[in-house]
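Okay, here's what each chain looks like letter by letter:
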Amino acid sequence: MAQVVLKDLTKKFDEVVAVDNINSTIEDQQFVVLVGPSGCGKTTTLRMIAGLEEATSGEIYIGDRLVNNVPPKDRDIAMVFQNYALYPHMNVYDNMAFGLKLRRTPKAEIISRVNEAAKILKIEELLKRKPKQLSGGQRQRVALGRAIVRNPKVFLMDEPLSNLDAKLRVQMRTEIAKLHERLSATIVYVTHDQTEAMTMADKIIIMKDGLVQQAGDPQTVYDHPANMFVAGFIGSPAMNFLDVTITDNYTLKNPKFEISTAENIKKVIKDNGLVGKEAVVGIRPEDLEDNAFVHDKHDNAIINAPVEVTEPMGAEIYVYIDIEGVLITARVNPRSAAHVGKTIDLHVDLEKLHLFDKQTEKAYI
């Protein structure tokens, strides 16, 4: 396996900047996920690492080797595509063995590698079948097997689960995570699904408009988002954002509510000189609870508003309230008496608030 280093990596399509000056290091054996909305540049970045797109400027290193001018077949990478890219006229064994045959690998070694990969992926009984005889999940396993037999330095995966149904995606996420542990592989994985990113990655790189917005381990990115885009993108349901004015006594004032701040937020206010200024407060839905079910209550921590919509989810209820035209989501106790048209007291976990600059949208730290 090998480290992947991107230095000042840029890709332009005519006048459109698809990837803008990315600098990142993917460590040996690390599972890194490039995540962001459609058109953010994540797949273009992956394709440049693979050699399927030529970088406009910047450098790509795999291991200690600069690979900008190295053909894809000589970069010692294996790619798993969204559409599986299996040869329909070949059976599973031949699909998995095809790349090795092209490299003139000895027949005995091909048999050994294919059988070992099939055992790892639990597809031994499928080796004689054609792709049309397989389910989506089985096809994806075959595509993974074809990559595994190569024994590459780096695995590149481009939204490999997006064609699967929800239940199978969860299962395959687990399988790929186990595969990473078993192979001690370096994996660069592209997805638009933040749940995949959070559950699978050692490191997340969040992109928007060709730029890296933040990079770090999933929990750090979740707890300390760098800006409003990251805060709203990572987490489901998304973080709530409300305009507030910060008063002399460190409370956050909105036309519909006034809440106190805990010591950690007071420090942020002091350090950034925010008293008397306007800001945006971010509150995650899980940090809002029906006050009737809160035991450790804070003073002045209530947002009261009429309920617009409720969505029972079994283990919890999503409650939507309207604050000055902004729809706020709360994840509350499933026994809550929240009903559409009635008001609800939502208790805010004051230690979990986030403050952002209204103009730059960057987080105050």
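So, here's what we can say about the structure. (Residues numbered from 1 in each chain as written. Predicted model: local features only at pLDDT ≥ 70, side-chain atom pairs only at ≥ 80, totals over all residues. Heavy atoms only, no water.)

Our next topic: the sheet that holds strand E20 (residues 354–356). Across the sheet, which stays open at both edges, the five strands sit in the order E13-E12-E11-E14-E20 with antiparallel pairing between neighbours. Two strands in the sheet have a free side with no partner beyond their single neighbour: strand E13 (257–259) and E20. For this sheet, the mean angle separating the axes of adjacent strands, direction not counted, is 40°. Direction of pairing for strand E12 (residues 252–254) relative to E13: antiparallel, over a ladder of three bridges. When the sheet's bridge partners are listed, Lys 253 is paired in E13 with Glu 258. (Pairing = 2+ DSSP bridges. Helix = DSSP H or I, 4+ residues; strand = E, 2+ residues; numbered from the N terminus. Axes fitted to C-alpha atoms, helices over the stretch in contact; angles between N-to-C directions.)

Of all six residues that make up strand E14 (residues 278–283), five are buried, and the element is covered over most of its length. In the sheet, strand E11 (residues 240–246) pairs with E14 via six bridges, with the strands oriented antiparallel. Each bridged residue has a counterpart across the sheet, and for Asp 243 the counterpart in E14 is Val 280. As paired strands, E14 and E20 are joined by three bridges and run antiparallel to one another. When the sheet's bridge partners are listed, Gly 282 is paired in E20 with His 354. (Buried < 20%, exposed > 50% of the residue type's maximum accessible area, 1.4 Å probe, protein only.)

This next bit is on helix H3 (residues 107–121). In a regular helix each residue adds 1.5 Å, so 15 residues correspond to 21 Å; H3 covers 21 Å between its end C-alpha atoms and thus fits that length. Buried within H3 we find Ile 110, Val 114, Ala 117, Ala 118, Ile 120 and Leu 121. The arc that holds every buried residue of H3, seen down its axis, measures 160°, which confines them to one face. For H3, the exposed residues lying more than 90 degrees away from the buried face are Ala 108, Glu 116 and Lys 119. Lining the buried residues of H3 we find helix H2 (92–102), helix H4 (136–149) and helix H5 (166–183). In the stretch just after H3, Lys 122 is the one whose phi turns positive, near 60°. (Expected span 1.5 Å × (residues − 1). Arc of directions from axis to C-beta. Contact = heavy atoms within 4.5 Å.)

Turning our eyes to something else, we now look at the layout of surface pockets. When its volume is computed, the largest pocket comes out at roughly 520 Å³. Along its surface, the largest pocket is lined by 17 residues, and Met 79, Phe 81, Arg 103, Arg 146 and Arg 150 are the ones closest to its centre. Mapped onto the lining of the largest pocket, the elements with two or more residues apiece are strand E6 (77–80), H2 and H4. Residue classes in the lining of the largest pocket are distributed as twelve nonpolar, one polar and four charged. Roughly 400 Å³ of internal volume is contained in the second largest pocket. Lining the second largest pocket are 19 residues; nearest its centre among them are Asp 223, His 224, Asn 264, Leu 353 and His 354. The set of elements that each furnish at least two residues to the lining of the second largest pocket consists of helix H7 (218–223), helix H9 (263–271) and E20. Here the residues of the lining of the second largest pocket sort into ten nonpolar, three polar and six charged. (1 Å grid on protein atoms, 1.4 Å probe; cavity = no way out; pocket = protein on both sides within 12 Å on 5 of 7 lines; lining within 4 Å. Points joined across faces, edges and corners; volume = space filled by probe spheres on them. Nonpolar A, V, L, I, M, F, W, Y, C, P; charged D, E, K, R; others polar.)

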